[in-house]
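This is what each chain is made of:
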Amino acid sequence: MKSSIINSIKSLPPLPKTVIDMQRICNDPESSINDLIKTVEHDPMIVANLLKAANSPLYSFRREILNVGQAVSLFGMSMTRSIGLGNSVRKLLNVDMEPYGISSDRFAEISSMQAALIHEWYMKIDRAKADKLFLASFLQETGKIIIASDVIQEDLATNFKADIDSAIDIASVERSYVQESTASVTAAIFTHWNFDKEFVEMIQFSDTPEEAPEEVKEYSTALNIIKTILPINNPFGEHGISYGLKKAEEAGYDIAKLQASIDSILEKIRA
């Protein structure tokens, strides 16, 4: 891995205490949703992000969500952790996504759409896997923040942006500039923050799921399909949807379930 990227990852600050506490609570089978609510409500930024997510069209809750208790109860522990962690990570990394041709808000929005789509899809397949994939999908593009920073420092942002704009394979463009793709950089970030091996590997092999260890191959395949459908340079584009469905069919999925989930998320966005 390029030394400047390694140094950027090594210099990352620790995760905020609230995020660490959320991780601990969600990993403790003795903890309750009330424990999570008590932890979250002490962090105004996470509360604000949770309420924003809860009232977004992506989740279509039937009423306006006005407090953190309602939001956590509706999302559940796993999704609450994912949303809180995702937004905290982006704030911690000081996002500048100009080399990718998007704003930091649009970057967050695309990450949220990826997570919402994979959750809606996998809830039709396996609820436990849906919860794992929601977190991984919400965070799988994190490495782009480090890559964007490196490209800016090397004064390559203009050329990089032009190549990304027209790219079918974003990972190939990234490798041509920084020798790594988002998948490997994201995996290195969460290794630095001591995330578990399964989580790291499902993201690490999301560009090449055929090379993934057997225990994470399905997860890596699903993440690959989602970022094919929702690439950062053209989310829900016609080519991406068509290619993503083709990949899903080749992997043995019932593509009717995926198509229904795509249609549902698009309907929510348009509404």
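Below is a summary of the structure that appears in this document. Bear in mind the structure is a predicted one, so any value in this text is a computation, not a measurement. (Residues numbered from 1 in each chain as written. Predicted model: local features only at pLDDT ≥ 70, side-chain atom pairs only at ≥ 80, totals over all residues. Heavy atoms only, no water.)

Moving on, we come to the overall build of the protein. In terms of helices and strands, the protein carries 15 helices and zero strands. Taking 18 Å as the expected radius of gyration for a compact globule of 271 residues, we find that the protein reaches 18 Å, a close match to that expectation. For the C-alpha atoms alone, the extent of the protein along its principal axes is close to 50 × 45 × 35 Å. In the protein, buried positions account for 54% of the 271 residues. Sequence separation of at least 24 residues holds for 64% of the intrachain contacts in the protein that already meet a minimum separation of 6. In the structure as shown, the protein presents an accessible area of about 12,500 Å², 48% of it carried by carbon and sulfur atoms. (Helix = DSSP H or I, 4+ residues; strand = E, 2+ residues; numbered from the N terminus. Rg over C-alpha atoms; globule rule 2.2 N^0.38 Å. Buried < 20%, exposed > 50% of the residue type's maximum accessible area, 1.4 Å probe, protein only. Contact = heavy atoms within 4.5 Å. Areas by Shrake-Rupley, 256 points an atom, 1.4 Å probe, with all protein chains shown as cover.)

On to the nonpolar core, then. With 89 residues, the main nonpolar core has Tyr-100, Trp-121, Phe-190, Trp-193, Ile-229, Phe-236 and Ile-262 as its most contacted residues. The dominant element in this core, judged by the number of residues it contributes, is helix α6 (residues 104–122), at nine residues. For Ile-229, the residues in contact, after removing those within four places along its chain, are Leu-117, Asn-234, Pro-235, Phe-236, Gly-237, Gly-240, Ile-241, Gly-244, Leu-258 and Ile-262. (Core = buried A, V, L, I, M, F, W, Y, C linked by side-chain atoms within 4.5 Å.)

Turning our attention to the packing of aromatic side chains. Tallied over the entire structure, the rule returns eleven aromatic pairs. Considering the side-chain rings of Phe-190 and Phe-199, the 5.4 Å spacing of their centres and the 85° angle between planes classify their relative orientation as edge-to-face. Each of the two residues, Phe-190 as well as Phe-199, counts as buried. One aromatic cluster is present, formed by Phe-190, Trp-193, Phe-195 and Phe-199 through successive ring pairs. (Phe/Tyr/Trp six-rings, centres within 6.5 Å; stacked < 30°, edge-to-face > 60°.)

On inspection of all chains with the given rule, the structure shows 14 salt bridges. Residue Glu-154 pairs with Lys-2 through a salt bridge whose shortest N-O separation is 3.8 Å. Within this pair, whereas Glu-154 is found in the loop between α8 (143–153) and α9 (157–165), its partner Lys-2 is found in the segment before α1 (3–10), the two being separated by 152 residues in sequence. Here Glu-120 ties to Lys-268 by a salt bridge, and the two come within 2.9 Å at their closest N and O atoms. Taken together, the residues Glu-120 in helix α6 and Lys-268 in helix α15 (residues 255–270) connect sequence positions 148 residues apart. (Salt bridge = Lys/Arg side-chain N within 4 Å of Asp/Glu carboxyl O.)

A few words now on the environment of Leu-258. The residue Leu-258 is located in helix α15 in this model. Note on Leu-258: relative accessible area 0%, which makes it buried. Along the backbone, Leu-258 and Thr-228 are 30 residues apart, and their C-alpha atoms lie at a distance of 13 Å.

Here we take up the side chain of Asn-49. Positionally, Asn-49 belongs in helix α4 (residues 44–54). The buried category is assigned to Asn-49, whose relative accessible area is 19%. What Asn-49 contacts, discounting residues up to four positions off in sequence, is Ile-83 and Asn-87.

Structurally, Lys-91 is set in helix α5 (residues 68–92). In this structure Lys-91 comes out as exposed when scored by relative accessible area, which is 57%. Measuring from C-alpha to C-alpha, the distance between Lys-91 and Trp-121 comes to 28 Å, with 30 residues separating the pair along the chain.

Below, the discussion takes up the packing of helix α7 (residues 127–139) against helix α13 (residues 217–229). Two numbers describe how α7 lies on α13: the axes approach to 11 Å, and their chain directions differ by 55°. Taken together, the axes of α7 and α13 are oblique relative to one another. Relative to α13, the crossing made by α7 is right-handed. Residue-level inspection shows Lys-129, Lys-132, Leu-133, Ala-136 and Ser-137 of α7 in contact with α13, the latter providing Glu-218, Tyr-219, Ala-222, Leu-223 and Ile-226. For the contact of α7 with α13, the residue count by class is six nonpolar, one polar and three charged. (Axes fitted to C-alpha atoms, helices over the stretch in contact; angles between N-to-C directions. Parallel < 35°, antiparallel > 145°, perpendicular 65-115°, else oblique. Left-handed = near helix turned anticlockwise from the far one by under 90°. Nonpolar A, V, L, I, M, F, W, Y, C, P; charged D, E, K, R; others polar.)

The subject of this paragraph is the packing of α9 against helix α10 (residues 170–178). Packing of α9 against α10 leaves a shortest axis separation of 9 Å and a crossing angle of 160°. In terms of orientation, α9 and α10 fall into the roughly antiparallel class. Crossing angle aside, the handedness with which α9 passes α10 is right-handed. For the pair α9 and α10, the contacting residues are Asn-159, Phe-160, Asp-163 and Ile-164 in the first and Ile-170, Val-173, Glu-174 and Tyr-177 in the second.

This next bit is on α15. An α-helical segment advances 3.6 residues per turn. Residues three or four places apart therefore align on the same side. Its 16 residues give α15 an end-to-end C-alpha distance of 22 Å, which sits within 8% of 22 Å, the value for a rise of 1.5 Å per residue. Residues of α15 that are buried: Leu-258, Ser-261, Ile-262, Ser-264, Ile-265, Leu-266 and Lys-268. Here the buried face of α15 lies against α6, α13 and α14 (238–250). Its side-chain oxygen placed 3.0 Å from the backbone nitrogen of Ala-256, Asp-254 serves as the N-cap of α15. (Expected span 1.5 Å × (residues − 1). Polar contact = N/O pair within 3.5 Å; in protein donor to acceptor, adjacent residues only side chain to side chain.)

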